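Next come the chains, spelled out residue by residue.
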Amino acid sequence: MKSFDLFAEFVNLNVDTVFKLMYRDLQFSHTYYTAIGNTNIKIGDWKRAAKTHSDSDIKRFLEYSLSLQLPSVLQSALGSVGDMQLYETQEAVKEPTGCTITTVVVPEAHIINFRQNATWKLQERAEGGSSLTVNASVEVLNGAPWGMKGSLEGIMVSQCKQALQKWIELAQNVAERHIEAPPPP
């Protein structure tokens, strides 16, 4: 398993506004998933998580297709990888000073079986606004040729990191536009 961390600040937006703009707004989600090369995107509605009685613990499911880009040496070792159907679960838990969102991405039965986990911590900042810390990991469970699991995980972590950096870039653009032109009351 390989992991990485990312950090971002939303200087003039509180946690609730960031969550509303980036997670409640389906247009943002569609823009993001399209920007990173996903197709056939289906985003479910947020619903109360079954394990809780709190309206602040919510969950949704996403489904999309992705063409995994691999170097030719791995392509030849694995054969045709083609498009993968991916399933993502997102859970959000409201906390006193922020929100934690966990995401888990797994493929439908495929030549490569992997699991991508991410924990997104949105926190109110003492000086105003909010901060985001993302800790993500990718683990190839099976399907990698002998001796290539580490290389495959490294490539997948790199692609995952690029995708999450794209999310942060898009989120900061939305945040800037929101600050410049807040919605009418």
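Undergrad: Whenever I open this one, the overall build of the protein confuses me. Can you help?
TA: Along the backbone of the protein there are 4 helices and 8 strands. By sequence separation, contacts in the protein at least 24 residues apart represent 58% of the contacts at least 6 residues apart.

Undergrad: Teacher, can you tell me more about the pattern of salt bridges here?
TA: Side chains that carry opposite charge are capable of pairing whenever their charged atoms lie near each other. For the structure shown, the criterion picks out 7 salt bridges. As a salt-bridge pair, Arg125 and Glu9 come within 2.8 Å of each other at their nearest N and O atoms. Linking Arg125 in the loop between β7 (113-124) and β8 (130-142) with Glu9 in strand β1 (residues 2-10), this pair joins segments that are 116 residues apart in sequence. The exposure class of Arg125 is buried, given its relative accessible area of 15%. What makes Glu9 partly exposed here is its relative accessible area of 37%.

Undergrad: Can you walk me through the environment of Met84 in this structure?
TA: Tracing the backbone through its elements, the reader meets Met84 in strand β5 (residues 83-95). By relative accessible area, Met84 is classed as buried at 2%. Along the chain, Met84 and Ser65 lie 19 residues apart, while their C-alpha atoms are 5.4 Å from each other.

Undergrad: Which parts of the structure should I look at to understand helix α1 (residues 15-24)?
TA: Since the α-helix packs 3.6 residues into each turn, any two residues three or four apart lie on the same face. Listing the buried residues of α1 in full gives Val15, Val18, Phe19, Leu21, Met22 and Tyr23. If you check the start of α1, you find a side-chain oxygen 3.2 Å away from the backbone N of Asp16, and it comes from Asn14.

Undergrad: Please clarify how the nonpolar core should be interpreted in this entry.
TA: Note that soluble globular proteins tend to have their nonpolar side chains buried in a common cluster. Membership of the largest hydrophobic core comes to 51 residues, with the highest contact counts inside it found for Met22, Trp120, Leu132, Leu164 and Trp167. No other element matches helix α4 (residues 149-180), which puts 12 residues into this core. If sequence neighbours within four positions are ignored, Leu164 has contacts with Phe4, Leu6, Tyr32, Trp120, Val134 and Ala136.

Undergrad: What is the right way to look at the packing of aromatic side chains in this model?
TA: One pair of aromatic rings is described through two measures. These are the centre distance and the angle between the planes. Here the structure, examined in full by the defined rule, presents 9 aromatic pairs. Residues Phe19 and Trp46 carry aromatic rings whose centres are separated by 5.6 Å and whose planes lie at 50 degrees to one another, so their mutual orientation is tilted. Taken together, the positions of Phe19 in helix α1 and Trp46 in the loop between β2 (39-43) and β3 (47-48) put the pair 27 residues apart, joining distant regions of the chain. Like Trp46, Phe19 is buried.

Undergrad: Sorry if this is basic, but what is going on with the layout of surface pockets here?
TA: The gaps of empty space that remain are located by a probe, the size of a water molecule, rolled over the atoms. Each pocket or cavity is described by its volume, and for the largest pocket that value is around 540 Å³. In this structure, the largest pocket is lined by 32 residues; those nearest its centre are Tyr32, Ile36, Leu66, Gln116 and Ala163. Only α1, α2 (26-35), β4 (57-67), β5, β6 (98-107), β7 and α4 provide two or more residues apiece to the lining of the largest pocket. The greatest single-element share of the lining of the largest pocket, amounting to 7 residues, is contributed by α4. Class assignment for the residues of the lining of the largest pocket results in 20 nonpolar, 10 polar and 2 charged.

Undergrad: Hey, could you run me through α2 in this one?
TA: Along α2, the residues that are buried comprise Phe28, Ser29, Tyr32 and Tyr33. All buried residues of α2 lie within an arc of 120 degrees about the axis, which places them on one face of the element. You can read the cap of α2 off the contacts: a side-chain oxygen lies 2.9 Å from the backbone nitrogen of Gln27, and it is on Asp25. Two residues or fewer after α2 comes Gly37, characterised by a positive phi angle close to 95 degrees.

Undergrad: Explain unusual backbone geometry here, please?
TA: Leave glycine aside and you will find that most residues have negative phi; peptide bonds, for their part, are mostly trans. Its identity is not glycine, yet Asn40 carries a phi of approximately 50 degrees, on the positive side. Residue placement: Asn40 occurs in strand β2. Residue Asn40 is classed as exposed on the basis of its relative accessible area of 55%.

Undergrad: Got a minute to help me understand the environment of Ser158 in this structure?
TA: Within the element layout of this structure, Ser158 appears in helix α4. A relative accessible area of 37% means that Ser158 is categorised as partly exposed. Residues Ser158 and Phe4, spaced 154 residues apart in sequence, show a C-alpha to C-alpha distance of 9.4 Å.

What counts and how
- Residue positions within a chain follow its written sequence, with the count starting from 1.
- Two thresholds apply to this predicted model, a pLDDT of at least 70 for residue-level local features and 80 or more for giving and counting side-chain atom pairs, whereas whole-chain, interface and lining totals are computed over all residues.
- Excluded from the side-chain calculations are hydrogens and water; all other atoms, namely the structure's heavy atoms, are used.
- By the criteria applied, helices consist of DSSP H or I runs no shorter than four residues and strands consist of E runs no shorter than two, each listed in order from the N terminus.
- Contacts are residue-level and defined by heavy atoms, with any inter-residue pair within 4.5 Å sufficient.
- Definition used for salt bridges: Asp or Glu carboxyl oxygen within 4 Å of a side-chain nitrogen of Lys or Arg.
- Only protein chains enter the calculation, and the probe is 1.4 Å; a residue is then buried if its accessible area is under 20% of its type maximum, exposed if over 50%, and partly exposed in between.
- Polar contact is defined as a pair of N or O atoms within 3.5 Å, subject to the rule that within protein one atom must be able to donate a hydrogen and the other to accept it, and that residues adjacent in sequence are counted only when both atoms are side-chain atoms.
- Within this scheme, the nonpolar core is defined by two criteria: the residues are buried Ala, Val, Leu, Ile, Met, Phe, Trp, Tyr or Cys, and they are joined through side-chain atoms within 4.5 Å.
- Put simply, two rings from Phe, Tyr or Trp (the six-membered ring, in Trp's case) pair if the centres are within 6.5 Å, and we call them stacked under 30 degrees between planes, edge-to-face over 60, tilted for the rest.
- Two kinds of site are reported from a 1 Å grid over the protein atoms alone, namely cavities, where a 1.4 Å probe fits but cannot get out, and pockets, open sets with protein on both sides within 12 Å along at least five of seven lines, and residues are called lining when an atom falls within 4 Å of a point.
- Grid points are joined across faces, edges and corners, and a volume is the space filled by probe spheres set on the points.
- The nonpolar class holds Ala, Val, Leu, Ile, Met, Phe, Trp, Tyr, Cys and Pro. Asp, Glu, Lys and Arg form the charged class, and all remaining residues, Gly among them, are polar.
- Directions drawn from the helix axis to the C-beta atoms are what define this arc.

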